[in-house]
Amino acid sequence: MLGAPYDAFVQFNFLEHQPFPNEMLQGIYNNLTEDGVGLVTVPSLEYILHYGSYYELIRDHIAYYSQETLRLLFEKNGFEVLASTIINRDTHSIYVKKRKNIDISNWKTNLLSLKKELHAYINIKIESGKKVAVWGASHQSFTIISTLELGDKITYIIDSAAFKQGKFSPTSHVPIVSPEYCIKNPVDVIIIMAPGYSDEIISIIRSRINDNIEIATLTSRKLEQIQ
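Below is a short write-up of the structure. Fair warning: this is a prediction, and the values are worked out from it, not measured in the lab. (Residues numbered from 1 in each chain as written. Predicted model: local features only at pLDDT ≥ 70, side-chain atom pairs only at ≥ 80, totals over all residues. Heavy atoms only, no water.)

What about the sheet that holds strand 1 (residues 6-12)?
Across the sheet, four strands lie side by side as 1-2-4-3; this open sheet has mixed pairing. With one partner strand each, in any of the chains shown, strand 1 and strand 3 (79-87) form the two edges of the open sheet. For this sheet, the mean angle separating the axes of adjacent strands, direction not counted, is 10°. Of the pairings in the sheet, the one linking strand 3 to strand 4 (residues 91-98) comprises eight bridges and is antiparallel in character. Across the sheet, the residue bridging to Ser84 is Ile94, located in strand 4. In the packing of helix 3 (residues 67-76) onto the sheet, the strands contacted are strand 1, strand 2 (32-43), strand 3 and strand 4, and the crossing angle to strand 3 comes to about 155°. (Pairing = 2+ DSSP bridges. Helix = DSSP H or I, 4+ residues; strand = E, 2+ residues; numbered from the N terminus. Axes fitted to C-alpha atoms, helices over the stretch in contact; angles between N-to-C directions. Contact = heavy atoms within 4.5 Å.)

Describing the pattern of salt bridges
Throughout the structure, instances matching the rule amount to seven salt bridges. A salt bridge links Glu149 to Lys115, with the shortest nitrogen-to-oxygen separation between them at 3.1 Å. Residue Glu149 is found in the loop between helix 5 (139-147) and strand 6 (157-158), and its partner Lys115 is found in helix 4 (residues 106-127); the two are separated by 34 residues along the sequence. Salt-bridge contacts for Asp159 lead to Lys164; the nearest nitrogen and oxygen are separated by 3.9 Å. Using a relative accessible area of 22% as the deciding quantity, one classes Lys164 as partly exposed. One continuous salt-bridge network, built from bridges that share partners, spans Lys125, Lys130 and Glu214. (Salt bridge = Lys/Arg side-chain N within 4 Å of Asp/Glu carboxyl O. Buried < 20%, exposed > 50% of the residue type's maximum accessible area, 1.4 Å probe, protein only.)

What about the pairing of strand 5 (residues 132-135)?
Burial of strand 5 is two-sided: the residues Val132 and Val134 facing one way and the residues Ala133 and Trp135 facing the other way are all buried. Relative to strand 6, strand 5 runs parallel, the two sharing two bridges. Each bridged residue has a counterpart across the sheet, and for Val134 the counterpart in strand 6 is Ile157. One crossover worth recording links strand 5 to the parallel strand 6 by way of helix 5, and it is right-handed. (Right-handed = clockwise from strand over helix to strand, strands pointing away.)

A word on helix 4
The α-helix winds at 3.6 residues per turn, so residues separated by three or four positions along the chain end up facing the same way. Here helix 4 contains 22 residues, and its C-alpha end-to-end distance of 31 Å stays within 8% of the 32 Å for a straight helix at 1.5 Å per residue. Taken together, the buried positions of helix 4 are occupied by Leu114, Leu118, His119, Tyr121, Ile122 and Lys125. Of the surrounding secondary structure, the elements contacted by the buried residues of helix 4 are strand 5, helix 5, strand 8 (189-192), strand 9 (214-219) and strand 10 (222-226). A positive backbone phi angle near 85° is found at Gly129, which sits one or two residues after helix 4. (Expected span 1.5 Å × (residues − 1).)

Right, here's the structure in full:
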């Protein structure tokens, strides 16, 4: 847009004429400065309904907004609503500010760091002839195994939930088995990827599976080996 980015925009009783309000607001959002603000007015749907003002329903008004739907429209298109009020009894006035995008630039750094650490740890175990399993058939472990490309290094995934057993993890296609299966088909190393249940799982491994098995837990962005 010529002259963009702008510090502010105003729109007086114009939004109700727009056939594609989401696209229009996204265009405005993309042409505002980081702290850009806006002032918008539209006819009040509540007023029309309360007074039965059928004469307000005119052909070129494509949409009518209540205070709630007007707020929702702006919030879903990247704006923070700073104030909302009624003017002249029949008009909504809304004051908005461009909402800053969440910075997720560190996600890639975290992914690469975790990938390096897990691959190094698992490769050492495999090279020494050991088998590695993961405990926890959760969306966290599925995502970690697939995004870090660990599928061909994991023997199986253990989970106590019967409805998950006998199936495979999405994308990486690692078989999901029961703790009992692990007893009959042992591995040498178990990486726990269910941080909220780590203590409970460690206890199960030590008491029911193998007290000498190597255990590591993945918490947040760190792999911790359990002695």
